[in-house]
Amino acid sequence: MPSMKEIKRRRDSIESTGQITKAMKLVATVKLQKTREKAESNQAFFETLYTTMADILKKSSNIQHKYIRSPLKNENSKKALVVISANRGLAGGYNANISRLILSDERFNKDNSIIYAIGRKAKESLQRKGFIIEKDYSDLLEDYDYSDVIDITKGLLKDYESGNINEIYLVYTYFKNTVFHVPRILKLMPFDLSDDISKDEIQKKGFTIKKSQFSDDEKLIMNFEPNEEDLITLLVPKYLSSLLNGALLAAEASENGSRMNAMDSATQNAQDLIQHLSIQYNRARQGAITQELTEIVAGANAING
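Summary of the structure given here.

Here is what the cut-offs are and how they apply
- Residues numbered from 1 in each chain as written.
- Predicted model: local features only at pLDDT ≥ 70, side-chain atom pairs only at ≥ 80, totals over all residues.
- Heavy atoms only, no water.
- Phe/Tyr/Trp six-rings, centres within 6.5 Å; stacked < 30°, edge-to-face > 60°.
- Helix = DSSP H or I, 4+ residues; strand = E, 2+ residues; numbered from the N terminus.
- Buried < 20%, exposed > 50% of the residue type's maximum accessible area, 1.4 Å probe, protein only.
- Expected span 1.5 Å × (residues − 1).
- Contact = heavy atoms within 4.5 Å.
- 1 Å grid on protein atoms, 1.4 Å probe; cavity = no way out; pocket = protein on both sides within 12 Å on 5 of 7 lines; lining within 4 Å.
- Points joined across faces, edges and corners; volume = space filled by probe spheres on them.
- Nonpolar A, V, L, I, M, F, W, Y, C, P; charged D, E, K, R; others polar.
- Pairing = 2+ DSSP bridges.
- Axes fitted to C-alpha atoms, helices over the stretch in contact; angles between N-to-C directions.
- Parallel < 35°, antiparallel > 145°, perpendicular 65-115°, else oblique.
- Left-handed = near helix turned anticlockwise from the far one by under 90°.
- Lys, Arg positive; Asp, Glu negative; His and termini not counted.
- Salt bridge = Lys/Arg side-chain N within 4 Å of Asp/Glu carboxyl O.

Right, let's talk about the packing of aromatic side chains for a bit. Within the structure shown, the criterion is met by two aromatic pairs. Measuring from ring centre to ring centre gives 5.9 Å for Phe 46 and Tyr 172, while their planes differ by 55°; the resulting arrangement is tilted. Taken as a pair, Phe 46 in helix H1 (residues 4-58) and Tyr 172 in strand S4 (residues 165-175) lie far apart in primary sequence, 126 residues in all. Like Tyr 172, Phe 46 is buried. Between Phe 108 and Tyr 169, the ring centres sit 4.9 Å apart and the planes meet at 80°, which makes this aromatic pair edge-to-face.

Structure below.
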């Protein structure tokens with residue numbers, strides 16, 4: 001059994017760690033209250049925007065536009081993954097789940113995909129697996145506004161139009177509630193009329209389909225004014241920027257929720273260890289006292305004997 005000195009030193013160390021994790025939990029809780037409100041208020045707009053664009057394009061199969069069909073592919077074209085994670089750890093499985101989702105998806109590998117990273121943790125994890133980090137926007141997480149999101153969108157569209165990338169995916173963590181945070185991959189471009197924007201596929205992604213969308217009349221054609229070319233050119237950048245902004249809000253709330261839960265578990269574990277070590281310390285102390293009394297009694301008996 002460890003000595004009382006060793007047990008006391010370990011207990012004091014765990015008490016200090018427990019105080020730190022408790023403080024981190026309180027900080028994460030305060031941040032969660034703010035970010036959750038933003039994420040939840042934006043969620044309806046996020047889903048409606050995605051499904052509305054899908055609804056428009058489902059009825060626009062006659063349109064020929066650079067944003068709807070894949071650009072001319074060349075041997076250097078890659079799939080672009082806009083990956084949103086955190087700059088810091090101690091958030092449970094939040095960062096690891098994002099990296100694991102990408103690595104487990106057969107569509108992506110280090111040879112056919114490049115990373116546009118927003119968050120250092122997933123960037124570092126994927127970089128160790130051999131993925132190329134095309135651009136790193138991790139500093140934006142400390143303080144960003146919508147103009148920064150627009151700049152990222154412009155860079156993505158520029159690379160898309162030049163043929164450097166032929167597909168754009170968004171990888172982030174969907175904020176369901178304080179406890180459940182779901183990593184998700186959304187295909188943003190090109191708009192594949194036969195796959196990602198179908199009703200079944202959208203429902204599989206966890207979105208809600210309103211009754212007013214996806215009319216059963218398959219012959220319905222979408223009309224554009226003044227013309228589809230100008231309108232699609234105007235809508236798509238705003239669509240990408242809005243989805244990216246919504247994903248950042250959801251990811252921020254998920255990060256704070258994950259960190260709060262992780263620090264709560266760590267604090268509880270520290271308390272359990274402290275209780276266990278206190279019992280060990282009391283047993284060791286009682287054993288030392290008993291041994292001293294035994295030695296005193298044995299010495300007195302030897303003198304009297």
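Next comes the rest of the write-up.
Our next topic: helix H4 (residues 146-162). Along an α-helix, a turn takes 3.6 residues, which lines up residues three or four apart on a common side. Between its terminal C-alpha atoms H4 stretches 25 Å, which fits the 24 Å expected from 17 residues at 1.5 Å a residue. Lining the buried residues of H4 we find strand S1 (78-84), strand S2 (113-118), strand S3 (132-136), S4, strand S5 (181-189) and helix H6 (228-304). Gly 163 sits one or two residues past H4 and shows a positive phi near 90°.

Of the voids in this model, the largest pocket is the one considered here, and its volume is about 400 Å³. The wall of the largest pocket is formed by 19 residues, among which Arg 88, Leu 141, Glu 252, Glu 255 and Asn 256 lie closest to the centre. Elements that contribute at least two residues to the lining of the largest pocket include exactly H1 and H6. Ranked by residues supplied to the lining of the largest pocket, first place goes to H6 with six residues. Its residues assigned to classes, the lining of the largest pocket comprises seven nonpolar, four polar and eight charged.

In this section: unusual backbone geometry. Although it is not a glycine, Leu 90 adopts a positive phi angle of roughly 55°. Relative to the helices and strands, Leu 90 is located in the loop between S1 and helix H2 (94-104).

Here we come to the sheet that holds S4. On the basis of which strands lie adjacent, the open sheet formed by five strands has the order S3-S2-S1-S4-S5 and mixed pairing. Since the sheet does not close on itself, it has two edges, and those belong to S3 and S5, each with one partner. On average, each strand axis in the sheet is tilted by 25° relative to the strand beside it, whichever way the strands run. When S2 meets S3, the two strands line up parallel, connected through four bridges. The residue of S3 that forms the bridge with Ile 114 is Ile 132. The strands touched by H2 within the sheet are S1, S4 and S5, with S4 carrying the most contacts at an inclination of about 145°. Packing of helix H3 (residues 120-128) onto the sheet brings it into contact with S1, S2 and S3, and relative to S3 it is tilted by some 155°.

When two helices pack together, you describe them by how their axes are tilted relative to each other and by the distance separating the axes. Interhelical geometry of H4 versus H6 gives an angle of 125° and a closest axis separation of 9 Å. Comparing their axes, H6 and H4 come out oblique. The hand of the H4/H6 crossing is right-handed. On the side of H4, the interface is formed by Tyr 146, Val 149, Ile 150, Ile 152, Thr 153 and Leu 157, while H6 contributes Pro 237, Lys 238, Leu 240, Ser 241, Ser 242, Leu 244, Asn 245 and Leu 248.

Looking now at the side chain of Arg 11. Tracing the chain through its elements places Arg 11 in helix H1. We note that Arg 11 is buried and unpaired, the nearest opposite charge coming from Glu 15 at a distance of 4.4 Å. Other than its neighbours up to four places away in sequence, Arg 11 contacts Ile 274, Leu 277, Ser 278 and Tyr 281.

Before going further, it helps to spend a moment on the pairing of S4. Counting buried positions over the eleven residues of S4 gives eleven, a clear majority of the element. Looking at chain direction, S1 and S4 are connected through six bridges and run parallel. Bridged to Val 83 within S4 is Val 171. Of the strand pairs in this sheet, S4 and S5 are connected by eight bridges, and their pairing is antiparallel. The partner of Tyr 172 across the bridge, within S5, is Arg 184. Between the antiparallel neighbours S4 and S5 lie five residues.

Enumeration according to the criterion identifies seven salt bridges in this entry. In this structure, the salt-bridge partner of Arg 107 is Asp 105, at a minimum N-O distance of 2.8 Å. The class of Asp 105 is buried, set by a relative accessible area of 17%. Across the salt bridge formed by Arg 259 and Glu 255, the nearest N and O atoms sit 3.0 Å from each other. Of the two residues, Arg 259 and Glu 255 both sit in helix H6, four residues apart, roughly one turn of that helix. The pair Arg 259 / Glu 255 is uniform in exposure class, with both members buried.

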